[in-house]
Amino acid sequence: MIKRTLVRMTIWNSTVVFCLLVILGGALYGLAHYRIYSDIDRQLVEIEGIMERV
């Protein structure tokens, strides 16, 4: 009985930690993706402005 409960608690805790890591990883990936591409877009707009003046 106790062993079965410990196994179930271990599986439950592992699942919760896994879900939290997936959510955190997804959030970090999304933030990095947004920041990188917004920086690239800003640089391309600046280059476009320079090219129009030439």
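Preceding block: the structure.
Calculation rules
Residues numbered from 1 in each chain as written. Predicted model: local features only at pLDDT ≥ 70, side-chain atom pairs only at ≥ 80, totals over all residues. Heavy atoms only, no water. Patch = residues over 30% accessible without salt bridge, like charges linked within 9 Å, V, L, I, M, F, W, Y side chains within 5 Å. Areas by Shrake-Rupley, 256 points an atom, 1.4 Å probe, with all protein chains shown as cover. Salt bridge = Lys/Arg side-chain N within 4 Å of Asp/Glu carboxyl O. Helix = DSSP H or I, 4+ residues; strand = E, 2+ residues; numbered from the N terminus. Buried < 20%, exposed > 50% of the residue type's maximum accessible area, 1.4 Å probe, protein only.

## Things to note about a nonpolar patch on the surface
A surface patch of nonpolar side chains, amounting to about 620 Å² of accessible area, comprises Ile36, Tyr37, Ile40, Leu44, Ile47 and Met51. Considering the arrangement of structural elements, one finds isoleucine 40 in helix α1 (residues 2–53).

## Overview of the pattern of salt bridges
One pass over the full model with this rule turns up two salt bridges. The residue arginine 42 makes a salt bridge to glutamate 46 at a minimum N-O spacing of 2.8 Å. Taken as a pair, arginine 42 and glutamate 46 lie in helix α1 at a separation of four residues, close to a single helical turn. Using a relative accessible area of 44% as the deciding quantity, one classes glutamate 46 as partly exposed. A single network of salt bridges, built from pairs that share partners, joins Asp39, Arg42 and Glu46.

In short, the description is geometric, and any link to function would need to be established separately.
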